[in-house]
Amino acid sequence: MYRTNRSSIGGYFLAGRNMVWWPVGASLFASNIGSGHFVGLAGTGAANGLAVAGFEWNALFVVLLLGWLFVPVYLTAGVITMPQYLKKRFGGQRIQIYLSVLSLFLYIFTKISVDMFSGAVFIQQALGWDIYVAVIALLIITAIYTVTGGLAALMYTDTVQTFVIIAGAFILMGFAPALYNISATCYQPRPDAFHLLRDPLTGDLPWPALIFGLTIVSTWYWCSDQVIVQRCLAGKSLTHVKAGCILCGYLKLLPMFLMVMPGMISRILYKDEVACVVPEECKRICGTEVGCSNIAYPKLVVKLMPDGARGLMLAVMLAALMSSLASIFNSSSTLFTMDIYSRLRPQARTRELLIVGRVWILCIVVISIAWIPVVQAAQGGQLFDYMQSIASYLAPPIAAVFFLAIFVKRVNEPGAFWGLVGGLLMGLARMLPEFAYGTGSCIFPSACPRLICGVHYLYFAIILFLISVGLVLVVSLCTPPIPDKNLHRLVFSLRHSKAEHVEMDMAEEEERRRRERGQQPGVAENGTVEHVLEVEAAPAGRPRSSRGRCMAWLCHLWGTVERTPDSSVPKEAEEPQQLPDIAEHPTWSRVVNLNAIIMMASALFLWGYYA
């Protein structure tokens, strides 16, 4: 905590842009692999077989798109958040605010609530604690180091937790060698349980949807989601970012063997519990009538592992839960502070922005806890399918806009905005009826009309993406283009441009930059008046009040700097002035490119072997 500069926007939210490749890669993996993966992947593996591992192995290719195509543009654009990039790319405020609000919605309902629920499932099975007591205790621990430490503390903690997660999962892998007329298909494993690629019409994860639809959703998650991209923006150089992406890709090979297959084993060992189908029995076993596949992984830990090893796996799950939650807390705090609150209060100073970011964390925690019962019953009790289905209904328009913004210069603000709005309306038209009717279970199928809910959610993602792309392009071609002077270093084809870049909203952008450097609004960059982080300063010669001393202690803990107007800026509190250079050393560039080829070859072999 104390090694890093937390008194500035870049220091708190981007770790000073000085992280090397191994914490970048480990943090990418740990931010992605939360307790939702342990519970969700194992649960879906128990219910339907190993096809769900395709969600993990698809990421091996998409994470390379992040490092090689998307991050270079984000770095040259000099942004902290993804909505900031869209604002610089298109101008105006409506796209930035829209994306910020939608991203926060997705964080709360697909990430934070899911991770809290899955962590509570494990603790309930292992220790018998009440779900909500366990969640609140874990959130308090997580919030302490998230609120005080900033991104650097999270990334170093993620690195340690990555080793704990992998080691513990390897140990478990070694240990895991009447009232209803129930069809055998409800309780027997699927005939294609060991097939990664399944029938395009009757499969639960049809192979065209798994390859193409999932790639669209993955592009949103890995290449434009704040939680993931923020780790890359903290990289020391583009080469370190690419190496971190490769490390993350290699680690993503493991979930098939560490999570999915143990879930399948658990179904066989504890078929009366993990594979329960009678609603009353399921309610008694795990608290929900739609199925108990989510307890597959916790059941293995509690039943198979000896004392000591069981404690290690509890530490693994806590590490996964806290790592993922802390990453989301930090990134959602960044989005709310920089893209929403700073628009509502453009005169806000650095200290106010930092405190608001921390208070926002408490708000989203309360909302997420209230959403847990919905998560528990969605998608037939299969947690991972719930996460992916919500993303498939809301994320494709975002993926379309980011993809076109980076690679197509002709796309403009009206096209991007109406593409986002049209895609959102279409996604909600599918998502809301599904929630209203419920996803049902094998015994009691959902009553949702087949015309609305009959299309697989990943097929729907393909349709939604193509319609959004078409809408963006049509509206853009019918409206004036953006001049090249406003696009230098904001699109892939102009990322190396040395020409002067002219901001579309120059005055507003200048004020934002001053706030990030800790200057007062309206003071020139080379002016002599500096921004002061005041902490209940008492008049000269008078002692501080108790409230003042308390505020001073809190702000010292949180990284703000107490100064008087005539004091100089502490050296460690200065904002780095030079953005990362995307130029790479030829030797190291060849090394990371070779590793990328090796990783893709490994992934293709595994896809073919398990197809």
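Residues numbered from 1 in each chain as written. Predicted model: local features only at pLDDT ≥ 70, side-chain atom pairs only at ≥ 80, totals over all residues. Heavy atoms only, no water.

Draft legend 1. Region of the structure containing the state of the cysteines. In this structure the tally under the stated criterion is two disulfides. Between the sulfur of Cys276 and that of Cys282 lies a disulfide, 2.2 Å long from S to S. One quick way to see it: the torsion about the S-S bond of Cys276 and Cys282 is about 130 degrees, and its sign makes the bridge right-handed. Note on Cys276: relative accessible area 11%, which makes it buried. At a sulfur-sulfur separation of 1.9 Å, the disulfide partner of Cys448 is Cys453. Negative torsions about the S-S bond denote left-handed disulfides, and the value of about 60 degrees found for Cys448 with Cys453 makes this one right-handed. Classification of Cys448 as buried rests on a relative accessible area of 12%. By relative accessible area, which is 22% here, Cys453 ends up partly exposed. (Disulfide = S-S within 2.5 Å. Buried < 20%, exposed > 50% of the residue type's maximum accessible area, 1.4 Å probe, protein only.)

Draft legend 2. Up close: the pattern of salt bridges. For the coordinates displayed, the defined rule picks out 14 salt bridges. Close ionic contact of Arg94 with Glu413 constitutes a salt bridge, the shortest N to O distance being 2.6 Å. Residue Arg94 is classed as partly exposed on the basis of its relative accessible area of 37%. For Glu413, a relative accessible area of 12% translates into the label buried. Asp204 serves as the salt-bridge partner of Arg198, at 2.6 Å between the closest nitrogen and oxygen. What makes Arg198 buried here is its relative accessible area of 3%. Salt bridges here are not isolated pairs; linked through shared partners, they connect Arg190, Asp192, Arg198 and Asp204. (Salt bridge = Lys/Arg side-chain N within 4 Å of Asp/Glu carboxyl O.)

Draft legend 3. Structural context of the environment of Ile33. Position of Ile33 among the secondary structure elements: in the loop between helix H2 (21-32) and helix H3 (35-48). A relative accessible area of 0% means that Ile33 is categorised as buried. Distance in space between the C-alpha atoms of Ile33 and Glu56 is 9.8 Å, their sequence separation being 23 residues. (Helix = DSSP H or I, 4+ residues; strand = E, 2+ residues; numbered from the N terminus.)

Draft legend 4. Summary view of the confidence of the model for the chain. Looking at the chain as a whole, its pLDDT mean stands at 79, while 78% of the residues score no less than 70. Predicted confidence for residues 520-542 stays below pLDDT 50, and this span has 51 contacts to residues more than four positions away or in other chains. The model gives residues 553-577 a pLDDT under 50, and that stretch makes 53 contacts with residues more than four places away or in other chains. (pLDDT = per-residue confidence, 0-100. Contact = heavy atoms within 4.5 Å.)

Draft legend 5. The arrangement of the packing of aromatic side chains in detail. All told, the structure shown has 18 aromatic pairs when counted by the stated rule. With 5.0 Å between their ring centres and 80 degrees between their planes, Tyr609 and Tyr610 make a pair best called edge-to-face. Taking the ring centre of Phe460 as reference, the NZ or CZ of Arg430 above it sits at 5.6 Å. Between the NZ or CZ atom of Arg495 and the centre of the ring of Phe492, over which it lies, the distance is 3.8 Å. (Phe/Tyr/Trp six-rings, centres within 6.5 Å; stacked < 30°, edge-to-face > 60°. Lys NZ or Arg CZ within 6 Å of the ring centre and 35° of its normal.)

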